[in-house]
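Residues per chain are reported as follows:
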2 protein chains.
Amino acid sequence: MLVEKHPLKPQSLLSLKLKPYWSGNYSLYKMLNPQEILKKNSFRVTQHRCEVLTYFIQSKIALNHRQLELKYRGTINRVSLYRILHSFTEKKILCKLIDSVGSVSYVLDKHSSQNDSHVHPHYKCKTCHDVVELPELPADYRRELEKLNVLQLNMLAEGICQECQKSMK
Amino acid sequence: MLVEKHPLKPQSLLSLKLKPYWSGNYSLYKMLNPQEILKKNSFRVTQHRCEVLTYFIQSKIALNHRQLELKYRGTINRVSLYRILHSFTEKKILCKLIDSVGSVSYVLDKHSSQNDSHVHPHYKCKTCHDVVELPELPADYRRELEKLNVLQLNMLAEGICQECQKSMK
DNA sequence: GAGTATAATGCAACAATGTTGCAAAATTAA
DNA sequence: TTAATTTTGCAACATTGTTGCATTATACTC
Ligand SMILES: [Mn+2]
Ligand SMILES: [Mn+2]
Ligand SMILES: [Zn+2]
Ligand SMILES: [Zn+2]
């Protein structure tokens, strides 16, 4: 059986799609200030929420509760931090990442404005905590997952990113 | 550009490979008794380890520490249970599953005897805690993950399995 | 089978992480 | 400015997992 094969080399699954987490339409977060983001999600604009959101926007990496507790010690109560992280995650401002030992961290959700519900596999550098969003799983694979009535998917890859590998030499 | 295309319809990624977690060569666990499994992994054959391993083999589902603590209350100390789970996981007798809220459970590792180091995505039913092992991620996708120097991958899909959906009607 | 080295266990204490109820304070809308 | 509503801080509690150390069980040698 002979068929026409597209002359272009098939594009690698990731190479073309994988971008720094903060490129492209994610610049949305640079245009909207924290106040607007909060309002857009029908939150009250409080000092604490603004500061935490600003910190996530500035630092661009995954942060865990402990880091925030240290940064805001004497300023924001630890319970309030839990509640802020929880509510931000609920509204998809943040994305909750759970690694292979069960440790939790949060990163600004690239898709918070897009109102889609697809799977979000992420890659997180174990050293600098930088996060890139991996492309969705291939369609065939997703289709089969659907057959299993998948309701939640926890997927996080971890490693040492290129940058950190360079600076280790 | 004309190339030979294989006349067989490409097989679905999962349909052909997905089997009940306990079929096939997993019957290994039905042949080896717990004592032999422990010896094979250079553990001392203790009452506690035999009981826990037997329980995993018999129940065939994912179990968490709490369940074991309840089952063995008054018999096995909770710290010992943690240590047993930890050592079994280390030797790949058990596989540690972490779901999308961070809850941990353990299931007998289908590949414990095969000495391979590939990724093990699993599907766990939220109701009956039955586990099936998903096929590996497609090769293209895995290759790209490799480029990111992936050291760990946490991947667990959850949903309501067919059996449980039937019995819900 | 007794003796010995080594590993497993129980216990207490600790640590990390997350939750709940409620009063006080801050924000919003009128 | 007032009043409704949400957010916050605090204390207390819950869950999950870890560590050090004395005691006990197992495996190995004789
Ligand atoms: Mn998305
Ligand atoms: Mn395997
Ligand atoms: Zn890095
Ligand atoms: Zn089920």
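Coordinates for the structure precede this section.
A brief structural summary.

**Some remarks on the pairing of strand S4 (residues 122-125) of chain A**
Residue and element names in this part refer to chain A.
In step 1: Side-chain alternation along S4 places His122 and Lys124 on one buried face and Tyr123 and Cys125 on a second face that is also buried.
In step 2: One ladder, built from three bridges, connects S4 with strand S5 (residues 131-133); its direction is antiparallel. Bridging across to S5, His122 finds its partner in Glu133.
In step 3: Where S4 hands over to S5, the hairpin turn is made up of five residues, of which His129 adopts a positive phi near 65°.
In step 4: In this structure, S4 lies alongside strand S6 (residues 150-159), joined through four bridges in parallel fashion. Looking across to S6, one finds that Lys124 is bridged to Glu158.

**Side note on the protein's contact with DNA strand D**
In step 1: In the vicinity of DNA strand D there are 22 residues, among which Arg44(A), Arg49(A), Ser80(A), Arg83(A) and Arg44(B) approach most closely.
In step 2: Restricting attention to atoms of DNA strand D within 4 Å of the protein, one finds that 65% of them are sugar or phosphate atoms.
In step 3: The separation between a phosphate oxygen of DNA strand D and a polar main-chain atom of Thr75(A) is 3.2 Å.
In step 4: In the model, a phosphate oxygen of DNA strand D is placed 2.8 Å from a nitrogen or oxygen of the Arg66(B) side chain.
In step 5: Secondary-structure elements contributing two or more residues to the surface near DNA strand D are helix H3 (47-59) and helix H5 (78-90) of chain A together with helix H5 (78-90) of chain B.
In step 6: Residue classes in the surface near DNA strand D are distributed as eight nonpolar, seven polar and seven charged.

**Notes on the sheet that holds S6(A)**
In step 1: Taken in spatial order, the six strands make up an open sheet running S5(A)-S4(A)-S6(A)-S6(B)-S4(B)-S5(B), and their pairing is mixed. One side of each edge strand has no neighbouring strand; the edge strands of this open sheet are S5 of chain A together with strand S5 (131-133) of chain B. Strand-to-strand twist of the sheet, defined as the mean angle between neighbouring strand axes without regard to direction, takes the value 20°.

**Considerations on helix H3 (residues 47-59) of chain B**
Residue and element names in this part refer to chain B.
In step 1: Here H3 contains 13 residues, and its C-alpha end-to-end distance of 18 Å stays within 8% of the 18 Å for a straight helix at 1.5 Å per residue.
In step 2: Within H3, burial applies to Arg49, Cys50, Val52, Leu53, Phe56 and Ile57.
In step 3: At the exit of H3 stands Lys60, carrying a positive phi of roughly 65°.

**Some thoughts on the nonpolar core**
Across soluble globular proteins, nonpolar side chains show a tendency to be buried alongside one another.
In step 1: By size, the foremost hydrophobic cluster in this structure holds 30 residues, and its most contacted members are Tyr123(A), Leu137(A), Met155(A), Tyr123(B), Leu137(B) and Met155(B).
In step 2: At the level of secondary structure, the elements contributing two or more residues to this core comprise S4, helix H6 (139-147) and S6 of chain A together with strand S4 (122-125), helix H6 (139-147) and strand S6 (150-159) of chain B.
In step 3: Excluding residues within four positions of it along the chain, Met155(A) makes contact with His120(A), Pro121(A), His122(A), Leu137(A), Leu137(B), Tyr141(B), Leu153(B), Asn154(B) and Met155(B).

**Side note on the packing of aromatic side chains**
Residues and elements named next belong to chain A.
In step 1: Considering all chains together, one arrives at four aromatic pairs over all chains under this definition.
In step 2: Ring plane angle 90° and centroid distance 6.2 Å describe the contact between Tyr55 and Tyr72, whose orientation is recorded as edge-to-face. Taken together, the residues span a long stretch of sequence, with Tyr55 in helix H3 and Tyr72 in the loop between helix H4 (65-71) and H5 at a distance of 17 residues.
In step 3: On the basis of relative accessibility, which here comes to 21%, the residue Tyr55 falls in the partly exposed class.

**Section: the environment of Pro135(B)**
In step 1: Note on placement: Pro135(B) falls in the loop between S5 and H6.
In step 2: Between the alpha carbons of Pro135(B) and Val104(B) there is a distance of 21 Å; along the sequence they are 31 residues apart.

**Observations concerning the protein's contact with DNA strand C**
In step 1: Around DNA strand C sit 21 residues, and of these Arg44(A), Arg44(B), Arg49(B), Ser80(B) and Arg83(B) come closest.
In step 2: Sugar and phosphate atoms constitute 67% of the interface atoms of DNA strand C, taking the interface as everything within 4 Å of the protein.
In step 3: A distance of 3.0 Å separates a phosphate oxygen of DNA strand C from a polar atom in the side chain of Tyr82(A).
In step 4: Contact between DNA strand C and Thr46(B): a phosphate oxygen at 3.0 Å from a side-chain N or O atom of the residue.
In step 5: Every element with two or more residues in the surface near DNA strand C is listed here: H5 of chain A together with H3 and H5 of chain B.
In step 6: Its residues placed into classes, the surface near DNA strand C shows eight nonpolar, six polar and seven charged.

About the cut-offs
- The written sequence of each chain sets the order in which its residues are numbered from 1.
- Numbering of ligands from 1 and lettering of chains from A proceed in the order in which they are written.
- Since the coordinates come from a predicted model, pLDDT governs what is reported: local features require at least 70, and pairs of side-chain atoms require 80 or more to be given and counted, while whole-chain, interface and lining totals use all residues.
- Calculation of side-chain values draws on the structure's entire complement of heavy atoms; hydrogens and water are dropped beforehand.
- For every residue, the accessible area obtained with a 1.4 Å probe (protein chains only) is divided by the maximum for its type, and the residue is called buried under 20%, exposed over 50%, and partly exposed between those limits.
- Per the convention used, a helix needs a DSSP run of H or I reaching at least four residues, while a strand needs a run of E reaching at least two, with both numbered from the N terminus.
- We treat two strands as partners when DSSP finds at least two bridges between them.
- Here a residue is considered near a molecule or strand provided that any single heavy atom belonging to it is located within 4 Å of it.
- Two N or O atoms form a polar contact when they lie within 3.5 Å of each other; inside protein one atom must be a possible hydrogen donor and the other a possible acceptor, and for residues adjacent in sequence the pair counts only when both atoms belong to side chains.
- Three classes are used, and their members are as follows: Ala, Val, Leu, Ile, Met, Phe, Trp, Tyr, Cys and Pro are nonpolar, Asp, Glu, Lys and Arg are charged, and the others, Gly among them, are polar.
- Geometry is summarised by axes, namely lines fitted to C-alpha atoms with helices restricted to the contacting stretch, and by angles between N-to-C directions that run from 0 to 180 degrees.
- The length a helix should cover is 1.5 Å for every residue beyond the first.
- The term nonpolar core refers to a set of buried residues drawn from Ala, Val, Leu, Ile, Met, Phe, Trp, Tyr and Cys, joined through side-chain atoms within 4.5 Å.
- Here, residues are in contact when the closest pair of their heavy atoms is within 4.5 Å.
- Each pair of aromatic rings taken from Phe, Tyr and Trp, with Trp reduced to its six-membered ring, is defined by centres within 6.5 Å and is described as stacked if the planes are under 30 degrees apart, edge-to-face if over 60, and tilted in the remaining cases.

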